[in-house]
Amino acid sequence: MVIAHRLPQRRHLVTDVPGPRSRDLATRRQSAVAAGVAPSAPIQVVDADGGVIVDADGNSLIDLGSGIAVTSVGASNRTVADAVAAQAHRFTHTCFLVTGYEGYVAVCEELNRRTPGDHDKRSVLFTSGAEAVENAVKIARLATGRPAVVAFDHAYHGRTNLTMALTAKSVPYKHDFGPFAPEVYRMPMSYPFRDELGADGVAAARRAITLIDSQISADKVAAVIVEPIQGEGGFVVPAPGFLGTLAEWCHTRGVVFVADEVQSGFCRTGDWFACEHEGVVPDLITTAKGIADGLPLSAVTGRADLLDAVHPGGLGGTYGGNPVACAAALATIEEMDTNDLCARARHIGTIVTDTLTETATALAADGHAVIGEVRGRGGMIAVELVRPGTTEPDPALARSVVAQALSRGVVSLTCGTYGNVVRLLPPLVIDDGLLREGLGVITDVLTETAASS
Ligand SMILES: *Cc1c(COP(=O)(O)O)cnc(C)c1O
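How each quantity is defined
- Residues numbered from 1 in each chain as written.
- Predicted model: local features only at pLDDT ≥ 70, side-chain atom pairs only at ≥ 80, totals over all residues.
- Heavy atoms only, no water.
- Helix = DSSP H or I, 4+ residues; strand = E, 2+ residues; numbered from the N terminus.
- Rg over C-alpha atoms; globule rule 2.2 N^0.38 Å.
- Buried < 20%, exposed > 50% of the residue type's maximum accessible area, 1.4 Å probe, protein only.
- Areas by Shrake-Rupley, 256 points an atom, 1.4 Å probe, with all protein chains shown as cover.
- Lys, Arg positive; Asp, Glu negative; His and termini not counted.
- Charge placed at Lys NZ, Arg CZ, Asp CG, Glu CD.
- Domains from an automatic or database assignment.
- Contact = heavy atoms within 4.5 Å.
- Buried area = accessible area lost by both parts, 1.4 Å probe.
- Salt bridge = Lys/Arg side-chain N within 4 Å of Asp/Glu carboxyl O.
- Near = heavy atom within 4 Å.
- Polar contact = N/O pair within 3.5 Å; in protein donor to acceptor, adjacent residues only side chain to side chain.
- Pairing = 2+ DSSP bridges.
- Right-handed = clockwise from strand over helix to strand, strands pointing away.
- Axes fitted to C-alpha atoms, helices over the stretch in contact; angles between N-to-C directions.
- Phe/Tyr/Trp six-rings, centres within 6.5 Å; stacked < 30°, edge-to-face > 60°.
- Lys NZ or Arg CZ within 6 Å of the ring centre and 35° of its normal.

Right, let's get into the overall build of the chain. Within the chain, the regular secondary structure consists of 13 helices and 15 strands. Radius of gyration (C-alpha) of the chain: 22 Å, near the 22 Å computed for a compact globule of 453 residues. For the chain, the spread of C-alpha atoms along the principal axes amounts to about 60 × 55 × 45 Å. Counting every position in the chain, which comprises 453 residues, the buried fraction comes to 54%. Per element, the accessible surface of the chain, about 18100 Å² overall, is 53% carbon and sulfur. Within the chain, one finds 37 positive and 51 negative side-chain charges whose respective centroids are separated by 4 Å.

Structural data, given as structure tokens:
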């Protein structure tokens with residue numbers, strides 16, 4: 001790895017976190033910004049690079065969140081920043097529906113080439129992950145002429161009306177925001193830690209298929225949409241065979257199999273896309289987060305016959321595939337190649353998994369078996385926290401770990417249907433030393449909190 005960092009890669013605190021300037025901004029925020037957008041780490045960021053975030057009080061914090069799996073190549077990557085500036089100096093917008101430009105086409109070519117399967121593919125670009133998911137559903141419905149869409153327990157697909165319907169968790173994503181879009185059906189997920197079918201992914205898929213057949217009937221199903229590793233739902237990794245069995249069933253029934261790789265895509269799990277790990281080839285794949293280092297860009301990529309079934313004018317949007325975002329995506333992809341960030345993600349995965357597994361063993365030996373499971377892949381690893389020796393979720397412990405880690409200079413996130421999962425999504429360009437230091441803080445906090453509860 002040859003990425004040179006601009007900022008010193010260190011954890012260094014000079015005030016409490018959040019410090020006085022961050023607290024001042026929080027006050028202004030309260031009287032200016034809608035309360036519905038609630039920050040989990042209430043600091044005022046003034047600079048960020050590689051594995052660090054610098055706040056307005058001069059604190060340098062370790063970033064184990066990447067803005068939710070977005071800034072994989074670093075939040076101020078030089079190659080990306082130069083590409084963005086150069087494009088912004090030429091033109092910031094034309095609207096691809098009005099006049100075209102090369103960047104859009106080049107991003108589609110990259111997506112078609114890099115996503116699983118060597119069949120003929122097309123892509124279409126949008127702005128957010130939710131918009132990509134909505135459009136995947138539109139495309140699947142039009143191409144099949146069928147109404148129903150199947151999503152899974154613990155799924156997260158976004159916050160727009162249709163994607164809220166696809167998302168499983170009520171509070172905070174859906175609560176009081178209904179009525180929701182019709183013809184969305186929810187099926188049980190393969191969740192090895194909590195599922196009586198455990199590691200039998202094929203049986204878990206058959207369970208869902210039996211329910212689909214009896215409750216909806218395959219000939220009414222336009223699409224089955226699934227995250228190959230669930231993100232907000234708790235980094236749930238379905239048991240081997242689950243995705244493949246579902247995809248195969250979809251294939252034989254003319255159902256469009258959609259992999260939502262908005263969080264798991266773009267090297268995050270150690271492959272370009274998480275479904276590659278099981279050799280699954282989706283009909284459509286949705287991408288966003290890691291695609292353009294934080295510039296708003298998302299995509300639907302997949303079978304040419306599906307995407308080209310839509311009539312001219314049926315897809316699009318004013319900003320979809322914005323030229324500055326496309327320039328950022330091409331530079332991001334180049335950085336991922338140059339620095340082999342897929343390999344880097346696998347290396348990170350080994351460090352994080354080993355460290356957290358050691359902590360789990362040590363805690364259990366001391367009678368504090370609060371880590372129910374360490375799971376995930378590559379740069380997407382989490383611990384599910386439980387009441388000692390049970391599977392009963394402990395969301396208070398997860399909140400406390402994240403809050404205390406922040407006060408010691410490490411940014412991490414919770415997730416999970418029960419809010420009891422601490423997830424780590426470091427930038428893939430983070431140095432090993434800094435990663436280990438950040439992990440050390442997380443495991444210290446976990447150990448201290450578990451011992452005192
Ligand atoms: C974040 C996310 C979305 C929604 O993306 P937005 O850009 O926030 O609209 C959809 N699907 C998955 C799997 C996600 O992680």
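That was the structure; now back to the text.
Turning our attention to the domain arrangement of the chain. Once the domains are mapped, the chain shows domain 1 (20–63 + 340–452) and domain 2 (80–338). Averaged C-alpha coordinates put domain 1 and domain 2 at centres separated by 26 Å. With 32 residues of domain 1 at the interface, the matching set in domain 2 holds 29 residues. Between domain 1 and domain 2, roughly 2400 Å² of surface is buried when both sides are summed, and carbon and sulfur atoms account for 57% of that area. If you look at where domain 1 meets domain 2, you find two salt bridges. Salt-bridge contacts for Arg-194 lead to Glu-384; the nearest nitrogen and oxygen are separated by 2.6 Å.

Moving on to the site of the ligand. The environment of the ligand is made up of Ser-128, Gly-129, Ala-130, Tyr-156, His-157, Glu-227, Asp-260, Val-262, Gln-263 and Lys-289. A distance of 2.7 Å is found between an oxygen atom of the ligand and a backbone nitrogen or oxygen belonging to Gly-129. Against a free-state accessible area of 380 Å², the protein chains account for coverage of 82% of the ligand.

What follows deals with the pairing of strand β6 (residues 184–187). Pairing of strand β5 (residues 148–152) with β6, which is carried by four bridges, proceeds in the parallel orientation. Looking at β6, one finds that Phe-152 is bridged to Met-187. The handedness of the β5 to β6 crossover, carried by helix α6 (residues 161–166), is right-handed.

A word on the sheet that holds strand β9 (residues 284–287). If you trace the seven strands from one edge of the open sheet to the other, you get β4-β10-β9-β8-β7-β5-β6, paired in mixed fashion. The sheet is open, and its two edges are formed by β4 (121–126) and β6, each paired on a single side. On average, adjacent strands in this sheet sit at an angle of 20° to one another, irrespective of strand direction. Sheet topology note: the β5/strand β7 (residues 221–226) ladder contains three bridges and is parallel.

Further remarks concern the pattern of salt bridges. Tallied over the entire structure, the rule returns 19 salt bridges. Here Arg-114 ties to Glu-110 by a salt bridge, and the two come within 2.7 Å at their closest N and O atoms. Taken together, the residues span about one helical turn, with Arg-114 and Glu-110 both in helix α4 (residues 102–114) at a distance of four residues. For the pair Arg-114 and Glu-110, a shared accessibility class is recorded, and that class is buried. Put simply, Arg-207 and Asp-195 hold a salt bridge, and the shortest N to O gap is 2.8 Å. In this pair, Arg-207 is assigned in helix α7 (residues 201–215) and Asp-195 in the loop between β6 and α7, connecting sequence segments twelve residues apart.

Time to look at the packing of aromatic side chains. This model, assessed by the stated rule, comprises eight aromatic pairs. Ring centres of Phe-91 and Tyr-101 lie 5.8 Å apart, and the angle between their planes is 65°; on these two criteria the pair is classed as edge-to-face. Remark: Tyr-101 occurs in the loop between α3 (78–90) and α4 and Phe-91 occurs in the loop between α3 and α4; sequence separation between them is ten residues. Residue class for Phe-91 comes out partly exposed when judged on its relative accessible area of 30%. Note on Tyr-101: relative accessible area 10%, which makes it buried. Within the aromatic cluster, the residues linked to one another by ring pairs are Phe-91, Phe-96, Tyr-101 and Tyr-104. The ring centre of Trp-272 lies 4.5 Å from the NZ or CZ of Arg-114, which sits over that ring. Positioned above the aromatic ring of Phe-180 is the side chain of Lys-174, whose terminal nitrogen or guanidinium carbon lies 5.1 Å from the ring centre.

Moving on: the sheet that holds strand β15 (residues 421–424). Sheet architecture is open: four strands sit in the order β11-β12-β15-β14, paired in antiparallel fashion. Here the strands that pair on one side only, and so sit at the sheet edges, are β11 (371–377) and β14 (413–415). Each adjacent strand pair in this sheet contributes to an overall mean axis angle of 30°, direction not counted. Two strands pair when backbone bridges link them, and β14 and β15 are joined in this way by three bridges, in the antiparallel orientation. Within β15, the position partnered with Cys-415 by the bridge is Val-421.

Residue placement: Asp-24 occurs in helix α1 (residues 20–32). Here Asp-24 falls in the exposed class, since its relative accessible area comes to 52%. The spacing of Asp-24 and Ile-43 is 19 residues in sequence and 9.9 Å in space, taken between C-alpha atoms.

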